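An overview of the molecular structure
Okay, here's what each chain looks like letter by letter:
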Amino acid sequence: MVNQKKIEEAVKLFLEGIGEDLSREGLLETPERIARMCTEIFAGMDEEPSAHLTKTFPIENNEIVIEKDIVFYSVCEHHLLPFYGKAHIAYVPDGSVVGLSKLARTVEVYAKRPQIQEQMTAQIADSIMRYLKPQGVMVVVEAEHMCMTMRGVKKPGSRTTTIVKRGCFKEDLQLQNEVFRIL
Ligand code: ZN
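Residues numbered from 1 in each chain as written. Predicted model: local features only at pLDDT ≥ 70, side-chain atom pairs only at ≥ 80, totals over all residues. Heavy atoms only, no water.

1. Things to note about the overall build of the chain
Keep this limit in mind: The way it works is that DSSP assigns letters per residue, a run of H or I at least four long becomes a helix, a run of E at least two long becomes a strand, and they are numbered from the N terminus. Partly exposed residues are those whose accessible area sits between 20% and 50% of the maximum for their type, while under 20% is buried and over 50% is exposed, using a 1.4 Å probe and protein chains only. Two residues form a contact once any of their heavy atoms are found within 4.5 Å. For the area figures, the Shrake-Rupley method with a 1.4 Å probe applies, and any residue is considered shielded solely by the protein chains shown. Positive charge is attributed to Lys and Arg, negative charge to Asp and Glu, and no charge count is given to His or to the chain ends. The atom standing in for a charge is NZ when the residue is Lys, CZ when it is Arg, CG when it is Asp and CD when it is Glu.
The helix and strand inventory of the chain stands at seven helices and seven strands. Helices and strands appear in the chain in the N-to-C order α-α-α-β-β-β-β-α-β-α-β-α-β-α. Viewed in the frame of its principal axes, the chain has a C-alpha envelope of about 65 × 35 × 20 Å. Buried residues in the chain amount to 38% of all 183 residues. Residue pairs at least 24 apart in sequence account for 70% of intrachain contacts in the chain once pairs closer than 6 positions are excluded. For the chain, the computed accessible surface area is about 10,600 Å², with 52% contributed by carbon and sulfur atoms. Computing the positive centroid from 23 side-chain charges and the negative centroid from 26, the chain places the two 2 Å apart.

2. Considering the pattern of salt bridges
What counts here: In the sections that follow, a salt bridge refers to a side-chain nitrogen of Lys or Arg positioned within 4 Å of a carboxyl oxygen of Asp or Glu.
Overall, the coordinates contain ten salt bridges when judged by the stated rule. A salt bridge links E9 to K12, with the shortest nitrogen-to-oxygen separation between them at 4.0 Å. On the criterion of helical spacing, the pair formed by E9 and K12 is a turn pair, its members being three residues apart in helix α1 (residues 4–17).

3. Some points on the coordination of the zinc ion
Let me state the cut-off plainly: Here a donor is an N, O or S atom found within 2.8 Å of the metal, or within 3.2 Å if the metal is Na, K or Ca; sites may look incomplete because water is not among the atoms.
Binding of the zinc ion to the protein goes through C76 (SG), H79 (ND1) and C147 (SG), at separations of 2.2 to 2.3 Å. The motif formed by the donor residues of the zinc ion, counted along the single chain, is C-x2-H-x67-C. Of this pair, C76 sits in strand β2 (residues 65–76) while C147 sits in helix α6 (residues 146–149), placing them 71 residues apart in sequence. Taken as a pair, C76 and C147 share a single burial class, namely buried.

4. Things to note about the nonpolar core
Filter applied, for reference: What is meant by a nonpolar core is a set of buried Ala, Val, Leu, Ile, Met, Phe, Trp, Tyr and Cys residues, joined one to another through side-chain atoms within 4.5 Å.
F72, I89, Y91, I124 and I128 are the most contacted members of the largest nonpolar core, which has 28 residues in total. Elements supplying a minimum of two residues to this core: β2, β3 (82–92), β4 (96–98), α4 (100–111), α5 (117–131) and β6 (136–145). Looking at this core element by element, the count peaks at five residues for α5. Excluding residues that lie within four positions of it along the chain, F72 makes contacts with F83, Y84, G85, K86, A87, V107, A111, M120, V141, E142 and A143. Membership of the second largest hydrophobic core comes to eight residues, among which are I7, V11, L15 and C38.

5. A closer look at α5
For clarity, the threshold we go by: Expected span, for any helix, means 1.5 Å times one less than how many residues it has.
For α5, which comprises 15 residues, the first-to-last C-alpha distance of 21 Å matches the rise-based estimate of 21 Å (1.5 Å per residue) to within 8%. Looking at α5, one finds that the buried residues are Q117, M120, T121, A122, I124, A125, S127 and I128. Of the residues trailing α5, K133 is marked for its positive phi of about 55°.

6. Remarks on helix α7 (residues 173–182)
Under the convention used in this document: Regarding the arc, it is the one traced by the directions from the helix axis to the C-beta atoms. Each polar contact in these results corresponds to two N or O atoms within 3.5 Å; when the atoms are within protein, one needs to be able to donate a hydrogen and the other to accept it, and residues that are neighboring in sequence are counted only if both atoms are side-chain atoms.
Turning to α7, its buried residues are L175, Q176 and V179. The arc enclosing the buried residues of α7, seen along the axis, measures out at 100°, which places them on a common side. Turned more than 90 degrees away from the buried face of α7 sit L173, Q174 and R181, all of them exposed. Tucked into the core, α7 has its buried residues touching β2, β3, β6 and β7 (160–167). For α7, the N-terminal cap is D172; the gap from its side-chain oxygen to the backbone nitrogen of Q174 is 3.1 Å.

This is the structure in structure tokens:
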């Protein structure tokens, strides 16, 4: 659980640290507001994807399933600045599928934690392999990182793409190309 009191204290220290005046009217409610916000943007800290991926439905044809353009917002763990974009998930079932909204929920669980994009992409793929047990999965994440655009190298509009393949997607080029064609 997010400890709201600790966050409020930390935000006060942080504001003092950058030389702000804590008694300034505009800042009076900021520590409390940020603490409340954290329960929302870090909600994934208290969640596991198993809650979403274990309700499966049997199917007869193991045709590829692609859920694309799953919008997500996350926070980079190196700078605590937002990174956001879209996740695309493709999998080849092995007798069972999950409801499509559950794939989006799985992305949320991992996005709503301090993250790095590479790790988040792998976590999404690995949790799908673990709980849904498909023949294979491929996850593509495209994101813009505020730590790249508002500081440092300042490259607005530049996007980072990460791709993780598991199971049958690892070797099967034709399958990979089918996904890239649709994305
Ligand atoms: Zn960063």
